[in-house]
Amino acid sequence: MPELLAYPRVLFDFGAAGSIGAELAGLGVRRPLLLTDAGLVEHGVAKRVLDALPADIEATLFDGIPPNPTVAGVVAAAEAWREHGCDGVLAVGGGSVMDSGKAVRVAVTHDGPFIDYLRDPGRITAAVAPLVTVPTTAGTGAEITMGGGIHPDSTTRGLGLRSVHIKPDLAICDPELTLTLPPALTAATGMDAFGHCLEAYLAKKADPPGAAVALDGIRRVVRYVERAAADGSDREARWHMQMAALQGGIAIYRGLGPVHALANTFGDADLHHGMLVTVSAPAVIRFYEGKLDPELAEIAAAMGLSGKPDVARGIEDLNARLGLPASLREMGYDKTDLDDMSADAAASHFNLTARAVPTLDEYRRIVSDVLG
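Residues numbered from 1 in each chain as written. Predicted model: local features only at pLDDT ≥ 70, side-chain atom pairs only at ≥ 80, totals over all residues. Heavy atoms only, no water.

1. Here's the deal with the nonpolar core
Core analysis: the largest hydrophobic core is formed by 68 residues, its most contacted members being Tyr288 and Ile299. Other than its neighbours up to four places away in sequence, isoleucine 299 contacts Leu198, Tyr201, Leu202, Leu215, Ile218 and Val311. Listed in part, the 32 residues of the second largest apolar core include Leu33, Phe62, Val106 and Ile124. (Core = buried A, V, L, I, M, F, W, Y, C linked by side-chain atoms within 4.5 Å. Buried < 20%, exposed > 50% of the residue type's maximum accessible area, 1.4 Å probe, protein only. Contact = heavy atoms within 4.5 Å.)

Spelled out as structure tokens, the structure:
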């Protein structure tokens with residue numbers, strides 16, 4: 001019998017961030033480490049969260065999380081935790097910050113170098129620090145997942161950190177915090193949510209509720225992402241994109257597949273994960289044609305595509321309307337070792353949950369397609 005995993009508790013709506021202090025107190029957290037990045041400090045988002053905390057909650061701000069999370073960032077945050085006697089993690093930001101928060105809750109409670117637990121997540125126990133996630137983008141779904149990606153260093157491909165014990169205790173999703181997200185990031189993170197829903201729907205796990213959530217997330221992104229990117233103050237669009245991101249996080253529990261294998265392979269460069277996902281998706285969908293046609297027809301219907309269902313073209317057209325790149329070369333990716341890239345993608349753990357997996361030769365053709 002398939003196991004249906006429980007998701008973290010979620011508070012969702014405009015104004016939800018106002019409850020952060022009470023929720024931290026409910027978890028017994030009085031000295032949280034507010035984990036974020038420099039951009040969110042610069043744009044005043046971190047200050048808004050700090051100002052919303054009651055006087056009896058003494059937060060320590062750490063804004064050293066890089067755009068792609070690294071072991072060095074996790075270790076530095078753990079040092080700040082110990083220096084200030086923190087007792088919980090409040091991760092405010094995008095996927096990099098929230099994945100780093102999952103790692104920090106391990107690093108501060110487990111003996112030995114953190115990288116040992118990154119290489120062998122099976123060693124992680126339930127003795128982790130409290131973690132509350134507050135997403136400021138609408139894309140990754142990392143606010144509720146029990147996995148994340150951490151790079152050993154800034155030039156190395158990420159390793160998967162996956163354990164039921166790192167699943168956040170609570171996610172507070174407030175679309176208000178996404179209103180200032182720039183158009184390009186709105187588009188890229190929105191298509192990241194689309195990619196999660198797309199791949200999760202095509203995963204092999206028997207989970208009809210999760211599949212239904214994935215299809216609804218696809219519908220929601222296609223309907224609202226262009227509105228959100230065109231007018232960041234469109235509160236209705238922002239609400240629905242925040243929900244689509246959450247749906248992507250729920251859907252991820254079904255598993256992912258080759259699109260994320262490729263995004264991880266290409267992710268050793270300093271490129272936005274959401275863009276890597278959406279640029280890689282059309283080539284993978286073309287691989288699926290003739291193999292998963294009934295599923296592709298359902299996705300095409302969710303996307304509102306008319307005529308012959310061409311999901312790959314539909315994604316490419318949506319990317320173009322959003323001003324997103326059509327290939328890795330357009331993104332500035334300059335690596336040329338096709339054999340290395342193909343072998344890395346073929347060996348990815350993301351393939352384990354896919355309904356159809358490319359062979360090494362098929363991956364070579366897909367990688368060539370994505371490179372452009």
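2. Observations regarding the packing of helix α7 (residues 183–201) against helix α11 (residues 273–288)
Contact geometry of α7 with α11 gives a least axis separation of 7 Å together with a crossing angle of 45 degrees. With respect to each other, α7 and α11 are oriented oblique. Two packed elements cross with a definite hand, and for α7 against α11 that hand is left-handed. Contacts from Ala188, Met191, Asp192, Gly195, His196 and Leu198 in α7 reach His273, Gly274, Met275, Val277, Thr278, Ala281 and Ile285 in α11. Of the residues contributing to the contact of α7 with α11, the split by class is seven nonpolar, five polar and one charged. (Axes fitted to C-alpha atoms, helices over the stretch in contact; angles between N-to-C directions. Helix = DSSP H or I, 4+ residues; strand = E, 2+ residues; numbered from the N terminus. Parallel < 35°, antiparallel > 145°, perpendicular 65-115°, else oblique. Left-handed = near helix turned anticlockwise from the far one by under 90°. Nonpolar A, V, L, I, M, F, W, Y, C, P; charged D, E, K, R; others polar.)

3. Some points on the pairing of strand β8 (residues 170–173)
What you see with β8 is no split at all: Leu170 and Ile172 on one side and Ala171 and Cys173 on the other are buried throughout. Pairing geometry for strand β1 (residues 9–12) and β8, over four bridges, is parallel. Bridge assignment links arginine 9 to a residue of β8, and that residue is leucine 170. (Pairing = 2+ DSSP bridges.)

4. Focus on the pairing of strand β5 (residues 131–135)
Here β5 lies mainly inside the structure; five of its five residues are buried. Along β5, one buried face is formed by Leu131, Thr133 and Pro135 and the opposite face, lined by Val132 and Val134, is buried too. Summarising the sheet, strand β4 (residues 88–93) and β5 pair through five bridges and their orientation is parallel. The residue of β5 that forms the bridge with glycine 93 is proline 135. Bridge analysis of β5 against β8 gives two bridges, and the strand direction is parallel. Residue pairing in the sheet places valine 132 in a bridge with leucine 170 of β8.

5. As for helix α13 (residues 311–321)
Along α13, the positions that sit buried rather than exposed are Val311, Ala312, Gly314, Ile315, Leu318 and Asn319. Down the axis of α13, the buried set is contained in an arc of 165 degrees. They therefore lie on one face. Exposed residues on α13 whose side chains face more than 90 degrees from its buried face are Ala320 and Arg321. Where α13 is buried, its residues meet α7, α8 (208–230), α11 and α12 (293–303). Directly after α13, the chain includes glycine 323, whose backbone phi takes a positive value near 75 degrees. (Arc of directions from axis to C-beta.)

6. Concerning the layout of surface pockets
Roughly 150 Å³ of internal volume is contained in the second largest pocket. In this structure, the second largest pocket is lined by Ile285, Glu289, Asp293, Leu296, Ala297, Lys308, Pro309, Asp310 and Val311. If one sorts the elements of the lining of the second largest pocket by residue count, α12 sits on top with three residues. Taken together, the residues of the lining of the second largest pocket sort by class into five nonpolar, no polar and four charged. (1 Å grid on protein atoms, 1.4 Å probe; cavity = no way out; pocket = protein on both sides within 12 Å on 5 of 7 lines; lining within 4 Å. Points joined across faces, edges and corners; volume = space filled by probe spheres on them.)

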